[in-house]
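# Descriptive analysis of the structure
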Amino acid sequence: MEAFLVSTGVVALAEIGDKTQLLALLLAAKFRKPIPIVLGILAATVVNHALAGAVGSWLMALIGPDVMRWILGISFIAMAGWMLIPDKLDEDDARFSERFGVFGATLLAFFLAEMGDKTQIATVALAAKFTDYWWVIAGTTLGMMLANAPVVWIGDKAAKALPVALVHRIAAAIFAVLGVLALLGVGS
């Protein structure tokens, strides 16, 4: 259960102000069809995070817990720094809309936008830290949905009301604490 709760919280906070959240806002404003957008986000996230989690689990098995502890600790601390750098939405992320419909455009755009993104890297690290692969994937997926679904349903009113800089600082602090705990071997 720890893997699920930590994964949910870390990814939900990391996603605030992320380019995929901005993409959700853009798609919501453009299409005004929340159900296919939310379902596209869900499908893209499940596939993307399942792949990222598999990489994290594979790395843990390949490298071993002692070396992985140091890699994870440094990775989480690096993620803390990365959280303090705001994302910008690439114009190319929303170009699929005319071709694939609302669901397809969301699925493709989210899957591609999530490649190498903070939350994907966090999923790799969380799957390496926690041995419960499915709980990590469920948690990171729920975290993505908690951050993105309200943006789709409520639109830019909610997005503008969030203190994004504060949320990023809180997420950075959580990543830093997780990094230090991993370096100290807590929870190993």
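In the block above lies the structure referred to throughout.
So, here's what we can say about the structure. (Residues numbered from 1 in each chain as written. Predicted model: local features only at pLDDT ≥ 70, side-chain atom pairs only at ≥ 80, totals over all residues. Heavy atoms only, no water.)

### Describing the environment of alanine 172
Stated precisely, the cut-off is as follows: What counts as a helix is a DSSP run of H or I of at least four residues, what counts as a strand is a run of E of at least two, and both are numbered from the N terminus.
Within the fold, alanine 172 resides in helix H9 (residues 164-184). Separated by 162 residues in sequence, alanine 172 and valine 10 place their C-alpha atoms 9.5 Å apart.

### A few points about the packing of helix H3 (residues 34-63) against helix H7 (residues 133-154)
For clarity, the threshold we go by: Interaxial angle, 0 to 180 degrees, is taken between N-to-C directions of lines fitted to C-alpha atoms, where a helix line uses only the stretch in contact. Here the word oblique covers every angle except those under 35 degrees (roughly parallel), over 145 (roughly antiparallel) and from 65 to 115 (roughly perpendicular). Crossings are classed by handedness, with left-handed meaning an anticlockwise turn of the near helix from the far one by less than a right angle and right-handed meaning a clockwise turn. In this count, Pro and Cys sit with the nonpolar residues alongside Ala, Val, Leu, Ile, Met, Phe, Trp and Tyr, while Asp, Glu, Lys and Arg are called charged and the others, Gly among them, polar.
Interhelical geometry of H3 versus H7 gives an angle of 150° and a closest axis separation of 9 Å. Judged by the angle between their axes, H3 and H7 are roughly antiparallel. As H3 packs across H7, the resulting crossing turns out to be right-handed. Classifying every residue of the contact of H3 with H7 by side-chain character gives 16 nonpolar, seven polar and no charged.

### With respect to the packing of aromatic side chains
The following threshold applies: Put simply, two rings from Phe, Tyr or Trp (the six-membered ring, in Trp's case) pair if the centres are within 6.5 Å, and we call them stacked under 30 degrees between planes, edge-to-face over 60, tilted for the rest. Buried residues are those whose accessible area, probed at 1.4 Å on protein chains only, stays under 20% of the maximum for their type, while exposed residues exceed 50% and partly exposed ones sit between those limits. In our convention, an over-ring charge means Lys NZ or Arg CZ found within 6 Å of a ring centre and within 35 degrees of that ring's normal.
Counted under the stated rule, the structure contains two aromatic pairs. Measuring from centroid to centroid gives 5.4 Å for phenylalanine 4 and tryptophan 135, while their planes differ by 70°, and the two rings are edge-to-face. Of the two residues, phenylalanine 4 sits in helix H1 (residues 2-15) while tryptophan 135 sits in helix H7, which places them 131 residues apart along the sequence. Using a relative accessible area of 15% as the deciding quantity, one classes phenylalanine 4 as buried. For the pair tyrosine 133 and tryptophan 134, a centre-to-centre distance of 4.8 Å together with 80° between the ring planes defines the contact as edge-to-face. The exposure class assigned to tyrosine 133 is buried, which follows from its relative accessible area of 17%. Given the relative accessible area of 63%, tryptophan 134 is considered exposed. It is lysine 129 that lies over the ring of phenylalanine 130; its NZ or CZ is 5.4 Å from the centre.

### Thoughts on a nonpolar patch on the surface
Where we set the bar: Residues enter a patch when their relative accessible area is above 30% and they make no salt bridge; the linking distance is 9 Å between like charges and 5 Å between nonpolar side chains (Val, Leu, Ile, Met, Phe, Trp, Tyr). Using a 1.4 Å probe, accessible areas were evaluated by the Shrake-Rupley method; residue-level cover was limited to the displayed protein chains. Criterion for a salt bridge: a side-chain nitrogen of Lys or Arg within 4 Å of a carboxyl oxygen of Asp or Glu.
On the surface, a cluster of nonpolar side chains totalling about 660 Å² of accessible area is made up of Ile35, Leu39, Leu42, Val46, Phe103, Trp153 and Ile154. Breaking the nonpolar patch down by element, the ones donating at least two residues are H3 and H7. No other element matches H3, which puts four residues into the nonpolar patch. Mapped onto the secondary structure, tryptophan 153 falls in helix H7.

### Some points on H7
Think of an α-helix as 3.6 residues a turn; residues three or four steps apart then line up on the same face. Selection criterion: To estimate the expected span of a helix, subtract one from its residue number and multiply by 1.5 Å. The reported bend at a residue is simply the angle between two axes, fitted to the 7 residues ending at it and to the 7 residues beginning with it.
Compared with the 32 Å implied by 1.5 Å per residue over 22 residues, the 32 Å span of H7 between its first and last C-alpha is a close match. Of all bends in H7, the biggest is about 25°, found at leucine 146, and the proline proline 150 comes one to four residues later. Where H7 terminates, the next one or two residues include glycine 155, which has phi positive at roughly 80°.

### Considering the environment of proline 34
The following threshold applies: A contact between two residues is defined here by any heavy atoms of the two lying within 4.5 Å.
Here proline 34 shows up in helix H3. Taking the relative accessible area as the measure of exposure, proline 34 reaches 24% and is therefore partly exposed. Distance from proline 34 to phenylalanine 103, taken between C-alpha atoms, is 9.7 Å for residues 69 residues apart in sequence. For proline 34, the contacting residues outside a window of four places in its chain are Val152 and Trp153.

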